[in-house]
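Given next are the chains, with one letter for each unit.
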Amino acid sequence: MGQNIPECHRHRWLIFLLLATLLLAACRPEQTETAVNGSQRAIQNKGSDTLVNVALAWAEAYREVKPEVAIAVTGGGSGTGIAALINGTVDIANASRAMKDGEKEEARANGIEPIEYVVAIDALAVIVHPDNPVSELNIDQLSDIYTGRITNWKDVGGNDAPIVLLSRETNSGTHVYFLEEVVRKGEDSEDIFAPQTLLMPSSVGITSELRRNPNAIGYDGLGYVDPEHEKMLAVAPPGSTDYVYPTVESASSGQYPLARNLFMYTAGEPTGELATYLDWILGSDGQAIVAQLGFVPLTNQ
Amino acid sequence: MAAQTNLNSMPPQDEATTPTNWRELVIENLIRLAGISAVLIITMIFLFLLREGFPAFVEVPLSDLFSSRWYPIEDKFGLLPLLAGSLIVTVGAVVIAVPLGLTTAIYLGEIAPPWQREILKPFIEVLAGIPSIVLGFFGWVALAPLIQSMGAPSGLTAFTGSLILAYMALPTIISITEDALYAVPKEYRDGALAIGATQWQTIWRVVLPAARSGIVIAVMLGIGRAIGETMAVMLVTGNAANIPDLGFGALFQPVRTMTATIAAEMGEVAQGSLHYSVLFGIGIVLFIITFAINSLATYFVGGGKRRRGGQI
């Protein structure tokens, strides 16, 4: 049968297909319009991978508080979220670092005034393979390791083995924080990560490489570390030997040197549902979720 | 039916029939549009790339673009490590894929009995259908630990990327080489065998040289496939913007390719920033490289036709 279709019928099929494609193409914009104008408008929330699990938990819990408000959460890194805020495609940008002046200027150039909220505190844990005998380092040593001045574990009291450096990609707020507070020791310096640093696209990328590589060193938010498979190092400030192990307590008391604020940014003063949502996050319900996920809630300070 | 008769009667009374047969006209023009749109879209893509990426070559001094440090958040835009990364991974992939692909194609086309071919060919087609991200994931989970256990500091190396890319380029190389071998006239083989050449001598001295232009195209397209691949490479090469030391050891160091850089960083940049233009600039460099490879392949096709046309 199929082989014997007359020529003209085949043409009809072609025309039909073309028309159908055109029709479908014409339909699409209308559909999106109704989605935006409808009552179920979603709050777009994007950015930091450190914050993404907390943001997801908030969005989920908020469904029970206000079922009519939909919140769409995506990760991608602080830089990604901030870029989206500058380009006007999100309502809230999550960031594990403060917005840079240059970024604020770019936003203002696009007619967007970024408003900053500190929504949680995170301790950044420096992690190694559980078999690694090294258990404490100060920031001078960490800086030497990550700039490539120290390349063998034996120079910091470990085995005679090359150090494999793991870091997040440059779009990660954690990367930028680590650059400023560890690689540059919080000083005005031109030091940057050694070129042989492996840049991992996600937090999970770091932990899974670290679990199989006994010579690797990496960093990750406290909430992401699984102490059974990764060993957290006690860290001391530059020039000091007061090593502090990262915990929720040591981070909120300020003893642990690598504790930092986590931010949310909105485009302009938030109004309506957006403002209510942010108030809820900063309130006791929102902060309880922060504590549940291994981060440090604001109320502790 | 109607279309059939009109098609046959068209050449003699061309002008007279066209206005009456609107269907013919619509279809003809739609096909013409489809043909032109391919060219149009390519031109538009290139113009768009130029518009977005051109500022990079004006605003970043050339000496910076040719420096050895890529660290965009500090405005260090040295493209050399990325070029080196793409080059090492691609060359590694070609060195693995070409001998493997050619021998497989020769075996399939010249030596294997038909029943074996029936079994092997579908498998090669399946290999072509595996999404690259799946191969990348396989590389991350299975290959990387293997390479690490062989003594590399980390399993995420240029070589891991080369292996994955080689397997991605293999189906292209095999099927095009096989087509080229198939196109060699049977008389060539008969003639060689008739004057007493062994099967190996026939393949090596007669069939392969005759199919040379097709084989070159197969290799070129394989390279094109390898250099443009992104996701799999991003997973397994470690993405360190490092220029490896020259030599064999370079394969076992982490590298960052141009494609992975664009994919990893495009999401973070603000539109119109310098970093954004530089990423498009990398796109221009990639476009030029693949364009050059394709042009070379086309040149070899043209050359091959002329030569064979003269011989037969």
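None of the values given here were measured: they were computed from a predicted structure.

This paragraph deals with the overall build of chain B. Counting its secondary structure elements, chain B contains 14 helices and two strands. For chain B, the residues scored as buried account for 44% of the 312 residues in total. For chain B, the share of sequence-separated contacts (at least 6 apart) that also reach a separation of at least 24 residues comes to 70%. Entry remark: accessible area of chain B is about 16300 Å², with carbon and sulfur atoms responsible for 70%.

Before going further, it helps to examine the domain arrangement of chain B. Residues and elements named next belong to chain B. As far as domains go, chain B holds domain 1 (16–57) and domain 2 (80–309). Once you take the C-alpha centre of each, domain 1 and domain 2 turn out to be 31 Å apart. Listed as interface residues are 10 residues of domain 1 and, on the opposing side, nine residues of domain 2. Summing both sides of the interface, domain 1 and domain 2 together bury roughly 870 Å²; the carbon and sulfur share of this comes to 86%. Contact with domain 2 buries area across many residues of domain 1, yet Phe 46, Leu 49 and Glu 52 alone supply 50% of it, more than any other trio. In this assembly, domain 1 and domain 2 are joined by zero salt bridges. Here domain 1 is connected to domain 2 by one residue pair in polar contact (both at pLDDT 80 or more). Residues of the side of domain 1 that touches domain 2, tallied by class, amount to eight nonpolar, one polar and one charged.

Right, let's get into the domain arrangement of chain A. All names here are of chain A. Under the domain assignment, chain A is made up of domain 1 (41–120 + 262–300) and domain 2 (122–259). Of note, the centres of domain 1 and domain 2, computed from C-alpha atoms alone, are 26 Å apart. At the interface, 18 residues of domain 1 touch 14 residues of domain 2. The largest contributions to the domain 1 side of the interface with domain 2 come from Asp 49, Thr 50 and Val 296, which together make up 35% of the buried area. The interface formed by domain 1 and domain 2 contains one salt bridge. Of the charged contacts in the structure, one is a salt bridge between Asp 49 and Arg 168, with a shortest N-O distance of 3.0 Å. On the surface where domain 1 and domain 2 come into contact, there are nine residue pairs in polar contact (both at pLDDT 80 or more). Only α2 (49–65) and α3 (78–86) provide two or more residues apiece to the side of domain 1 that touches domain 2.

Quick look at the layout of surface pockets now. In this structure, the largest pocket spans a volume of roughly 420 Å³. In terms of lining residues, the largest pocket is bounded by 21 residues, among which Lys 100, Glu 103 and Glu 106 of chain A together with Ser 273 and His 275 of chain B are the most central. Breaking the lining of the largest pocket down by element, the ones donating at least two residues are α3 and α4 (101–109) of chain A together with α14 (274–311) of chain B. Of the residues assigned to the lining of the largest pocket, the class counts are nine nonpolar, six polar and six charged.

As a measure of interface size, the accessible area lost when the parts come together is often cited. Contact residues are listed per partner, giving 36 residues for chain B and 38 residues for chain A. Around 3000 Å² of area is buried between chain B and chain A when both sides are counted, 57% of it from carbon and sulfur atoms. Summed over the shared surface of chain B and chain A, the number is two salt bridges. For Glu 74 of chain B, the salt bridge is made with Arg 184 of chain A, and the minimal N-O distance between the two is 3.2 Å. In this structure, the connection of chain B to chain A is made through 10 residue pairs in polar contact (both at pLDDT 80 or more). When residues of the side of chain B that touches chain A are assigned to their parent elements, the largest contribution, five residues, is made by helix α7 (residues 132–149) of chain B.

With that settled, the discussion passes to empty space enclosed by the protein. All chains considered together, the criterion is met by five cavities of 30 Å³ or more. Counted as a void, the largest cavity has a volume near 100 Å³. In terms of lining residues, the largest cavity is bounded by 14 residues, among which Leu 199 of chain A together with Arg 69, Trp 70, Tyr 71 and Ala 241 of chain B are the most central. Taken together, the residues of the lining of the largest cavity sort by class into eight nonpolar, three polar and three charged.

Enumeration according to the criterion identifies 17 aromatic pairs over all chains in this entry. Pairing Phe 178 of chain A with Phe 193 of chain A gives two aromatic rings, centres 6.1 Å apart and planes at 25°, and the pair type is stacked. Of the two residues, Phe 178 of chain A sits in helix α6 (residues 173–183) while Phe 193 of chain A sits in the loop between α6 and β7 (198–200), which places them 15 residues apart along the sequence. Taken individually, Phe 178 of chain A and Phe 193 of chain A each receive the classification buried, so the pair is uniform in this respect. Here Phe 178 of chain A and Tyr 219 of chain A contribute two aromatic rings whose centre-to-centre distance is 4.1 Å and whose plane-to-plane angle is 10°, an arrangement assigned as stacked. Within this pair, whereas Phe 178 of chain A is found in helix α6, its partner Tyr 219 of chain A is found in strand β8 (residues 216–221), the two being separated by 41 residues in sequence. Each member of the pair, Phe 178 of chain A as well as Tyr 219 of chain A, carries the same accessibility label: buried. Seen from the ring of Trp 140 of chain B, Arg 212 of chain A lies directly overhead, with NZ or CZ sitting 4.6 Å from the centre.

Criteria and thresholds
Residues numbered from 1 in each chain as written. Chains lettered and ligands numbered in written order. Predicted model: local features only at pLDDT ≥ 70, side-chain atom pairs only at ≥ 80, totals over all residues. Heavy atoms only, no water. Helix = DSSP H or I, 4+ residues; strand = E, 2+ residues; numbered from the N terminus. Buried < 20%, exposed > 50% of the residue type's maximum accessible area, 1.4 Å probe, protein only. Contact = heavy atoms within 4.5 Å. Areas by Shrake-Rupley, 256 points an atom, 1.4 Å probe, with all protein chains shown as cover. Domains from an automatic or database assignment. Buried area = accessible area lost by both parts, 1.4 Å probe. Salt bridge = Lys/Arg side-chain N within 4 Å of Asp/Glu carboxyl O. Polar contact = N/O pair within 3.5 Å; in protein donor to acceptor, adjacent residues only side chain to side chain. Nonpolar A, V, L, I, M, F, W, Y, C, P; charged D, E, K, R; others polar. 1 Å grid on protein atoms, 1.4 Å probe; cavity = no way out; pocket = protein on both sides within 12 Å on 5 of 7 lines; lining within 4 Å. Points joined across faces, edges and corners; volume = space filled by probe spheres on them. Phe/Tyr/Trp six-rings, centres within 6.5 Å; stacked < 30°, edge-to-face > 60°. Lys NZ or Arg CZ within 6 Å of the ring centre and 35° of its normal.

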